[in-house]
Amino acid sequence: MPSVINDYLPVLIFGVLAVVIAGAMLGASLVCGHQKPYAEKLTAYECGFEAFDDARRRFDVRFYLVSILFIIFDLEVAFLFPWAVSLSRIGLYGFLSMMGFLGVLGIGFLYEWRKGALDWD
C-alpha cells in the first residue's frame, strides 16, 4: 500500500498547490479589486445588450452570427500553421488536400457573403 501512496503523492501535491494558488488569486482579486460601478461600466455591452434589462426581451442575433463565423474561419488558420510547418514532409498529396480544404472554406465564405450574413445594417 505505501508504494501506491508514493506513486500518487506528486499528483496530490500538484492538486493541492493548484487549489491553493487558485484560491489565493480569487481572494486577492476580491480584496484588491475596486467594486465601484461607474457610468462607463453600466453602458451597453459589446453585443448591444443593456447592462440591466429584462432577460426575456427579443434581441438581435447578428453579433452571435458574426462571432460564430469568426470562430469557423479562425479554425482555418489553426489548421494552416501545422500544415505549413510539415509541408516539406507531406508532399504534393498534403498540398492538394489543403487546397481542397481551403476551397471548401472559400466557397462557404462566399456563400455567407452573398447571403448577407456579414452585412451589419
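Everything numeric here is computed off the predicted structure, so don't read it as measured data.

Asks: Account for the overall build of the protein, with residues named and values stated.
Replies: Summing up its helical and strand segments, the protein has 3 helices and 0 strands in all. Sequence-ordered secondary structure for the protein, helices as α and strands as β, is α-α-α. With 121 residues in all, the protein has 7% of them scored as buried. Within the protein, contacts between residues at least 6 apart in sequence are counted, and of these 38% link residues at least 24 apart. Split by element, the accessible area of the protein, about 10,600 Å² in all, is 71% carbon and sulfur.

Asks: Hey, could you go over helix α1 (residues 2-32) for me, with residue numbers and the actual values?
Replies: In a regular helix each residue adds 1.5 Å, so 31 residues correspond to 45 Å; α1 covers 43 Å between its end C-alpha atoms and thus fits that length. The principal kink in α1, of about 45°, is found at Tyr-8, preceding the proline Pro-10 by one to four residues. The element α1 is largely exposed, with a buried count of 0 among its 31 residues.

Asks: Report on the side chain of Glu-76, specifying residues and quantitative values.
Replies: One can find Glu-76 in helix α2 (residues 62-85). One buried charge, Glu-76, has no salt-bridge partner; the nearest side chain with opposite charge is Arg-114, at 18 Å. Residues contacting Glu-76, with those up to four places away along its chain left out, are Phe-101, Leu-102 and Leu-105.

Asks: Which residues make up the packing of α2 against helix α3 (residues 87-115), and what values go with them?
Replies: Between α2 and α3, whose axes approach to 10 Å, the crossing angle comes to 165°. Overall, the two elements α2 and α3 adopt an arrangement that is roughly antiparallel. Crossing geometry of α2 relative to α3 is assigned as left-handed. Residues belonging to the contact of α2 with α3 are distributed by class as follows: 16 nonpolar, 2 polar and 3 charged.

Asks: So what about α3? Which residues, and what values?
Replies: For α3, which comprises 29 residues, the first-to-last C-alpha distance of 34 Å sits more than 12% below the rise-based estimate of 42 Å (1.5 Å per residue). For α3, the principal kink sits at Tyr-93 and spans about 70°. Of all the positions in α3, only Gly-94, Met-98 and Leu-105 are classed as buried. Lining the buried residues of α3 we find α2.

Asks: Describe the confidence of the model for the protein, with residues and values.
Replies: Looking at the protein as a whole, the pLDDT averages 82, with 83% of positions reaching at least 70. Mean pLDDT values over the elements of the protein span from 82, in α2, up to 92, in α1.

Thresholds, definitions, all that
- Residues numbered from 1 in each chain as written.
- Predicted model: local features only at pLDDT ≥ 70, side-chain atom pairs only at ≥ 80, totals over all residues.
- Heavy atoms only, no water.
- Helix = DSSP H or I, 4+ residues; strand = E, 2+ residues; numbered from the N terminus.
- Buried < 20%, exposed > 50% of the residue type's maximum accessible area, 1.4 Å probe, protein only.
- Contact = heavy atoms within 4.5 Å.
- Areas by Shrake-Rupley, 256 points an atom, 1.4 Å probe, with all protein chains shown as cover.
- Expected span 1.5 Å × (residues − 1).
- Bend = angle between axes of the 7 residues up to and from the residue.
- Lys, Arg positive; Asp, Glu negative; His and termini not counted.
- Salt bridge = Lys/Arg side-chain N within 4 Å of Asp/Glu carboxyl O.
- Axes fitted to C-alpha atoms, helices over the stretch in contact; angles between N-to-C directions.
- Parallel < 35°, antiparallel > 145°, perpendicular 65-115°, else oblique.
- Left-handed = near helix turned anticlockwise from the far one by under 90°.
- Nonpolar A, V, L, I, M, F, W, Y, C, P; charged D, E, K, R; others polar.
- pLDDT = per-residue confidence, 0-100.

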